[in-house]
Structure formats: C-alpha cells, structure tokens
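Each chain is listed here by its residues.
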There are 2 protein chains.
Amino acid sequence: VAGGHGSRMGQELPKQFLPLNGKPILLHTLEKFSGIADEIVVVLPASHIDYWKELCFGFENPVPHKIVAGGTSRTASVLNGLQALGEDGLVAVHDAVRPLVSRALIQEVFAAALVHGSAIPVTPVRESLRIKRDAVSEPVDRDDYLAVQTPQGFRISKLLEAYRISSGAVFSDDATVFGKAGFAIHTLPGEVANIKITFREDLIFATALTA
Amino acid sequence: VAGGHGSRMGQELPKQFLPLNGKPILLHTLEKFSGIADEIVVVLPASHIDYWKELCFGFENPVPHKIVAGGTSRTASVLNGLQALGEDGLVAVHDAVRPLVSRALIQEVFAAALVHGSAIPVTPVRESLRIKRDAVSEPVDRDDYLAVQTPQGFRISKLLEAYRISSGAVFSDDATVFGKAGFAIHTLPGEVANIKITFREDLIFATALTA
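Values in this document were obtained by computation on a predicted structure and should not be read as measured data.

Visitor: Explain the overall build of chain A to me, please; I cannot follow it from the model alone.
Guide: Across its full length, chain A carries seven helices and eleven strands. The globule rule puts the C-alpha radius of gyration for 211 residues at 17 Å, and the 17 Å found for chain A is close to it. In terms of overall dimensions, chain A has a C-alpha envelope of 50 × 40 × 30 Å along the principal axes. For chain A, contacts bridging at least 24 residues in sequence account for 68% of all contacts bridging at least 6. Just so you have it, chain A exposes about 9600 Å², and 52% of that area is on carbon and sulfur atoms.

And the structure:
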C-alpha cells in the first residue's frame, strides 16, 4: 500500500518514489516480497500510477506486480487491493515505505497467518508514553502497549469479511479492521529496522542500513 | 543519566561507551550540553566510573563534568545526580544514550522550564498502538498518545520536592515523577532524530546522522 502523498517529507515526490541507494523505495520493498508472494498488488493514488510506470522503465527487471488505484483512506486503498486478489489463500498487507523488512519476517508472517488466520508483527514501545486528557497529558506504562508494524498477514477470505463488516469505517491498520470484526489477532515479534520511512532522518537511516 | 548495562546491545560494553564516529556516545552527548549548561553531572553505575575516567583520558579536552554513582533504578540514579546540584536554577535530565539531540532543543527546554517550571519534549507516536489486555490486545488511537523524549527540564527545587513526595517509587522518566507530585507538565515538540541508542540498528542510524 503506497498511499502517501509525501507531505511530511518536505518535498514534492511521494516518499515511496524517493531513491534509496539509487533505487525507488517501493522497488526495494517489492524485491523483499519477490519469490515469497505468488502475486504482488501495488495500491497507488490514481494520479501517481503513470509516474510509477515510467519510473519502473528505468530499472532492469522490476519485480512483476499488478497496479490498483487507491481510495480516499488507507482502509479504502487496502480494500481495493484485496479485491484484485482471489478469495483463496493468504495476503500480507504491507506499507510500501517499509523497505527494510526482512524476507525472514515476511515468511514468518505468512507461516503464522496460515496457522492462526492472522499474523501481526509487534515490538515493545521504546519511548515513555503519555495519554492526552483534554489540554493536559498523563503518563501510562509503556509496557502495557505494543507498537504495530507491517506486513500483516491474514486469510484473504476472513480479511474481506472483516472489511465488509466494517463497511467504510477508517482504521490505521488492518489488524484493527480484523479485530473489530471479532476475529482473533495473533502477534509475532517485529523488527527494530522495519521502520516506516516518513521523515528525512528515516531515509538517512534506511540508506545506512541498505548500503 | 548513563545507567544502562548494555544487555540489549548484544555485546559487553555498555552502550553509552560505544564509539560513534570514533568517540564514545557519552562524549557526544556531553558536547551537546557544553556551553549551554553551567554544570554537567554524569550519573554512572559505580562499577563503570573508573572505566569511564580512563576512556576520557584518550580524548583531547573532554567536556568538564562531575561524576556521581547511580542507584538501583533510573529514578534512584537521577536523584543521586540532582543531589550533586544546588537547589537553585534549572536542570535538564537527559539520557546519555541520546547523543543526537540538537543544541537548539536543549536551549528550548531550558527556556521553557524557566517560564513553565517544566519542559518535556514529545513527539507523535509513529506506529499503530495496541494495549495488552490479559492474553490478547486491543487497538488504541495513537493520536491520543505522546512519545516522550529527554532532555526534560525542571526547576531543580520543584523536581527535588517531587522526588521527596514519590519517595522511592520507580518511574520511567522524570516527567512522571514530577506529574505524580501534582506539578504541571509543559510539553514542547521533540525531534525525530533524538533517539535512544538501544539496538545495533540505532547505532548505524546515529553514525549516519553524525557523519
């Protein structure tokens, strides 16, 4: 899912298209899934699809993928992507701007989703947390919380059912859609390096780790 | 505050002593405060003090600082450090392993603490969050939360009073000690790069940003 318009990067180019060691972030991400997923669907804002196709022409043998236009929210975009797949088998929904995910984690997510119906990578929360209460904030115990990453793995049929049940509500990730529908969430350990590239500093980090 | 024993780094040397572009992380951190703070107190586990002094001998003109032995928790360590300062003026309590803090943020923290009595740098939470409930977890809205950084600025007299009120309870940061005592928490924007160096990947990030 490459929905972002890059407004937080301080430049015009959406962040999934930014070069990371000479290659667009999204191509790095696709390469991680290559040979693991039978089929890859990239969800892009409709206005970015032509740009992306042209960008791909500049690289030898880009990983084959289907392109689908996104919706007005991340939730709507994922649903458009899901509808381009069959109802059988497993799906791993991944943020395009997480190119540092390991192939091992992708494989673990598919394996766990096969057994449990869902597989959500999570990590401990690293910073102290406060919760906003009106104009002020109060501390909470970060050990009570989990930070959620992607790829998030599901049986496609169950995730589609969850999307039908949520019918248009907007959520920040698919685990939330799935859980709100009453299905059980199975978690597994995520990865420190599997960050979402949002800020200039994240790209520096990704560049250092990809070198 | 350099309390860590480095158990999460996968190596023996506590992380505040690890080299970052040829210089210990803790020396980088001290340099950020040099010329802004009138006095710098480094709180170290008693067993690491001699090692640290020897390490400093290897560098020209390390930033002058007082060394104080830490306690059995972060809270106890900070209190030991506070007691090495006078009761007048302001203190900024900082994690030794956050060498990427900007001098501008340190100055903003002191300026805001002077006006408001406290100054806590916070950032939005970047990942989706779940809260643990017994064996399962539920989504929460990350927009309701703040991630807390250091340096945390306070009037020394009020922070000491907060420590007396909390009398030995253990908290993950000083904002929590201060707020539990009934004092108001003033927040200001933190920095994306101001991470706590905990994992191998963090050191790669810090190296890239310090180059």
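Now, onward.
Visitor: When you look at the interface of chain A and chain B in this model, what are you seeing that I'm missing?
Guide: Interface size is commonly expressed as the accessible surface area that is lost when the partners come together. The interface is formed by 36 residues belonging to chain A together with 36 residues belonging to chain B. Between chain A and chain B, a total of about 3400 Å² is buried, with carbon and sulfur atoms accounting for 60% of that surface. Summed over the three residues of chain A that lose the most area to chain B, namely R126, E127 and R130 of chain A, the buried surface amounts to 19% of that side. Across the salt bridge formed by R126 of chain A and D202 of chain B, the nearest N and O atoms sit 2.6 Å from each other.

Visitor: Is there a simple way to think about the pairing of strand β9 (residues 145-148) of chain A in this case?
Guide: A regular strand places its side chains so that they alternate between the two faces of the sheet. Burial along β9 of chain A is two-sided: the face carrying Y145 and A147 of chain A and the face carrying L146 and V148 of chain A are both buried. One ladder, built from three bridges, connects strand β6 (residues 118-124) of chain A with β9 of chain A; its direction is antiparallel. Within β9 of chain A, the position partnered with P124 of chain A by the bridge is L146 of chain A. Note: β9 of chain A against strand β7 (residues 128-133) of chain B, four bridges, orientation antiparallel. Bridging across to β7 of chain B, A147 of chain A finds its partner in L129 of chain B.

Visitor: Explanation requested: empty space enclosed by the protein in the structure shown.
Guide: To locate leftover empty space, one rolls a probe as large as a water molecule over the atoms. Scanning the entire structure with this criterion turns up one cavity of 30 Å³ or more. Counted as a void, the largest cavity has a volume near 80 Å³. Considering the residues around the largest cavity, the lining is formed by 14 residues, among which S128 of chain A together with D95, R98, S172 and K196 of chain B are closest to the centre. The residue makeup of the lining of the largest cavity, split by class, is one nonpolar, five polar and eight charged.

Visitor: Got a minute to help me understand the environment of A113 of chain A in this structure?
Guide: Residue and element names in this part refer to chain A. With respect to the helices, strands and loops of the structure, A113 is situated in helix α4 (residues 103-116). Measuring from C-alpha to C-alpha, the distance between A113 and A92 comes to 8.8 Å, with 21 residues separating the pair along the chain. Not counting the four nearest positions on each side in its chain, A113 is found in contact with L90, S118, A119, G153 and F154.

Visitor: Just checking my understanding: could you explain the side chain of D95 of chain B for this structure?
Guide: Its place among the elements puts D95 of chain B in the loop between β5 (90-93) and α4 (103-116). Judged by relative accessible area, which is 5%, D95 of chain B ranks as buried.

Visitor: I'm lost on the packing of aromatic side chains in this one. Help?
Guide: Ring pairs (aromatic) are described by centroid distance and by the angle formed between their planes. Residue and element names in this part refer to chain A. For the structure shown, the criterion picks out ten aromatic pairs over all chains. Their ring planes at 55° and their centres at 5.1 Å tell us that F17 and Y51 sit as a pair that is tilted. Taken together, the residues F17 in the segment before β1 (19-20) and Y51 in helix α2 (residues 49-57) connect sequence positions 34 residues apart. For Y51, a relative accessible area of 36% corresponds to the partly exposed category. Geometrically, the ring pair formed by F178 and F183 is tilted, given 5.0 Å between the ring centres and 45° between the ring planes. A relative accessible area of 0% means that F178 is categorised as buried.

Visitor: Even after reading the chapter, I still don't get the relation of the copies chain A and chain B, so can you show me in this structure?
Guide: Copy one and copy two of the chain differ by a rotation about a common axis and a shift along it. Here chain A sits on chain B after a turn of 180° about the axis and a move of 0.0 Å along it, with an RMSD of 0.0 Å. Expressed as a symmetry operation, the mapping of one chain copy onto the other fits a two-fold axis. Minimal C-alpha separation from the rotation axis in chain A is found for F205 of chain A, amounting to 2.3 Å. A share of 100% of the interface residues of chain A reappears at the interface of chain B, consistent with the copies meeting face to face through the same patch.

Visitor: What am I meant to see in the environment of F178 of chain A here?
Guide: Residue and element names in this part refer to chain A. Structurally, the position occupied by F178 is in helix α6 (residues 174-180). With 60 residues separating them in the primary sequence, F178 and S118 have C-alpha atoms 8.5 Å apart. Once you skip the residues sitting within four places of it in the chain, F178 turns out to touch G117, S118, F154, K158, L159, A162, F183, A184 and I185.

Visitor: What's the story with the pairing of strand β4 (residues 66-69) of chain A in this structure? I'm lost.
Guide: In this structure, strand β3 (residues 41-44) of chain A lies alongside β4 of chain A, joined through four bridges in parallel fashion. Paired with L44 of chain A across the strands is A69 of chain A, a residue of β4 of chain A.

Visitor: Please explain the environment of G35 of chain B as it appears in this structure.
Guide: Structurally, the position occupied by G35 of chain B is in the loop between α1 (25-33) and β3 (41-44). G35 of chain B sits 78 residues away from A113 of chain B along the chain, and the two C-alpha atoms are 18 Å apart.

Visitor: Looking at this structure, how should I read unusual backbone geometry?
Guide: Peptide bonds are, in most cases, trans, and in most cases residues other than glycine have a negative phi. Residue and element names in this part refer to chain A. A cis amide bond, omega 10°, links T150 with the succeeding residue P151. By the element assignment, P151 lies in the loop between β9 and β10 (152-155). If you check the backbone angles, N61 has positive phi at about 45° while not being a glycine. Relative to the assigned elements, N61 resides in the loop between α2 and β4. Judged by its relative accessible area of 70%, N61 falls in the exposed class.

What counts, and at which threshold
Residues numbered from 1 in each chain as written. Chains lettered and ligands numbered in written order. Predicted model: local features only at pLDDT ≥ 70, side-chain atom pairs only at ≥ 80, totals over all residues. Heavy atoms only, no water. Helix = DSSP H or I, 4+ residues; strand = E, 2+ residues; numbered from the N terminus. Rg over C-alpha atoms; globule rule 2.2 N^0.38 Å. Contact = heavy atoms within 4.5 Å. Areas by Shrake-Rupley, 256 points an atom, 1.4 Å probe, with all protein chains shown as cover. Buried area = accessible area lost by both parts, 1.4 Å probe. Salt bridge = Lys/Arg side-chain N within 4 Å of Asp/Glu carboxyl O. Buried < 20%, exposed > 50% of the residue type's maximum accessible area, 1.4 Å probe, protein only. Pairing = 2+ DSSP bridges. 1 Å grid on protein atoms, 1.4 Å probe; cavity = no way out; pocket = protein on both sides within 12 Å on 5 of 7 lines; lining within 4 Å. Points joined across faces, edges and corners; volume = space filled by probe spheres on them. Nonpolar A, V, L, I, M, F, W, Y, C, P; charged D, E, K, R; others polar. Phe/Tyr/Trp six-rings, centres within 6.5 Å; stacked < 30°, edge-to-face > 60°. Least-squares fit on C-alpha atoms with pLDDT ≥ 70 in both.

Function cannot be read off these values alone, since they describe shape.
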